[in-house]
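A look at the structure
If you want the building blocks of each chain, they are given just below.
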Amino acid sequence: MHFELLRQASLVLLKGMGGIFAFMAVFWLLVHALRRIPPEKEK
Amino acid sequence: MNLFTSVLQLITWKHLLMMAIGGLLIYLAVHKEYEPAILLPLGFGTIIVNLPLSSAIDQMLGGQEVEGVLSVFFRVGILTDILPILIFVAIGAMIDFSPLFRKPMLLFFGAAAQLGIFLTVLAATLFGFTLKEAASIGIIGAADGPTSIYVASRFARHLLGPISIAAYSYMALVPIIQPPVIKLLTTQTERRISMGTSPARVSRTALTLFPIIITILTGLIAPTAVALVGFLMFGNLIRECGVLNRLSQAAQNELANIVTLLLGITIATTMTADKFLRSSTLLILAMGLLAFIFDTAGGVLFAKFLNLFLKNKVNPMIGAAGISAFPMSARVIHKMGLEADPNNFLLMHAVSANVAGQIGSVVAGGLILALVH
């Protein structure tokens, strides 16, 4: 039972860190795409 | 006089200890200025709920259950997620994402510095907590009070009190917790690394599109994170759209203030002696600290790893700013940079990593909700 709990927690660790880096990679691509929009001229 | 006597007879050492803890929280808020907006209401609420027969919380009187106003607030505000979600709108309205547009690579530090969350989940299971309890304890490492409350209210309501105290106290203690860990993991030469400046202006259109697209992408990748990320981004959209300045100001000030006040005093409902005075409380406080230490180490070590490949090296201390505690963490890193070299101005870069940490912590909260069943 305890081993099963540890296995589940380890999976949360791996999937969690993998997931968060995947999210950030997507956001990174998005930011790069949005950076192509030129800044508006100041009035 | 009879009622007064009977109330006095009901007071136990546990009530007195809890009231002393409430007093300590008020002291930390007022004297040390540790997150006073949340710790003061929490401290005062702790005193209110530990007075015997307190009408502020539900009581059994004469065989009948009488509702208390704080218990009603708890059911309506916390168990339904309304208060944590409203605070995300306020936080979203306070965040300026433009520093991230100047150095997008720093987004990844907002991921690396969440390591403490997941390592602490693992550590908490070793100490006998269930996976849901462990997840709620681990999320203290998000260094983000509302996310901690949001996750704990779903997974481990009985632990909400100690988790909130740990989350907010350690956020206030970032200037004490982070420097020794950073110094342990970096050399003086590394701390002197200068990262130059990146002053490019950012398009208003880009900043307006950013929260909308992020919400849609999050919804497509992890629907469980939509409530967290979506309301944060809604607040940010109000800020960036440029036509709702009054609402943006209201979200940043009135909404943030009212919800923070209610959040603090409502969470105090879980600070009753029977729920708080357990051995698990000390363990939770210890593991919360561990989560912050792992976060800091995760960010710094990731930066050092990146430096193996980068031509223009990153100051590894910037990695530690990838936690959500804004702007304390960025200020700490900036100060440490100046200590290493008086001409090393790291503030802009640290702020970028810190903003990334704010996104990272919310995403981590969403992932925890998705991964733990």
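Presented here is an overview of the structure given in this document. (Residues numbered from 1 in each chain as written. Chains lettered and ligands numbered in written order. Predicted model: local features only at pLDDT ≥ 70, side-chain atom pairs only at ≥ 80, totals over all residues.)

1. A short note on the overall build of chain A
Along the backbone of chain A there are one helix and zero strands. Across its three principal axes, chain A shows a C-alpha extent of roughly 65 × 15 × 5 Å. Scored against the burial criterion, the 43 residues of chain A give a buried share of 26%. (Helix = DSSP H or I, 4+ residues; strand = E, 2+ residues; numbered from the N terminus. Buried ≥ 20, exposed ≤ 12 C-beta atoms within 10 Å, placed from the backbone.)

2. What about the interface of chain B and chain A?
Put simply, an interface is often sized by how much accessible area is lost when its parts join up. Listed as interface residues are 36 residues of chain B and, on the opposing side, 27 residues of chain A. Sorting the residues of the side of chain B that touches chain A by element identifies α6 (98–102), α7 (109–112), α8 (115–126), α9 (131–138), α14 (204–221) and α21 (347–371) of chain B as the ones contributing at least two each. Sorting elements by how many residues they give to the side of chain B that touches chain A places α14(B) first, with nine residues. Tallied by class, residues from the side of chain B that touches chain A come to 28 nonpolar, six polar and two charged. (Contact = placed C-beta atoms within 7 Å. Nonpolar A, V, L, I, M, F, W, Y, C, P; charged D, E, K, R; others polar.)

3. Topic: helix α5 (residues 82–94) of chain B
Residue and element names in this part refer to chain B. The end-to-end C-alpha separation of α5 is 19 Å, in line with the 18 Å expected for 13 residues at 1.5 Å each. Summarising burial for α5: 10 of the 13 residues are buried, a large majority. Those residues of α5 that are buried lie in contact with α4 (69–78), α10 (145–155), α15 (226–240) and α16 (245–267). (Expected span 1.5 Å × (residues − 1).)

4. Thoughts on unusual backbone geometry
All names here are of chain B. Note the cis peptide between F326 and P327, where omega equals 0°. By secondary structure assignment, the location of P327 is in the loop between α19 (317–320) and α20 (328–340). Of note, the phi angle at A143 is positive, near 55°, even though the residue is not glycine. Among the secondary structure elements, A143 is positioned in the loop between α9 and α10.

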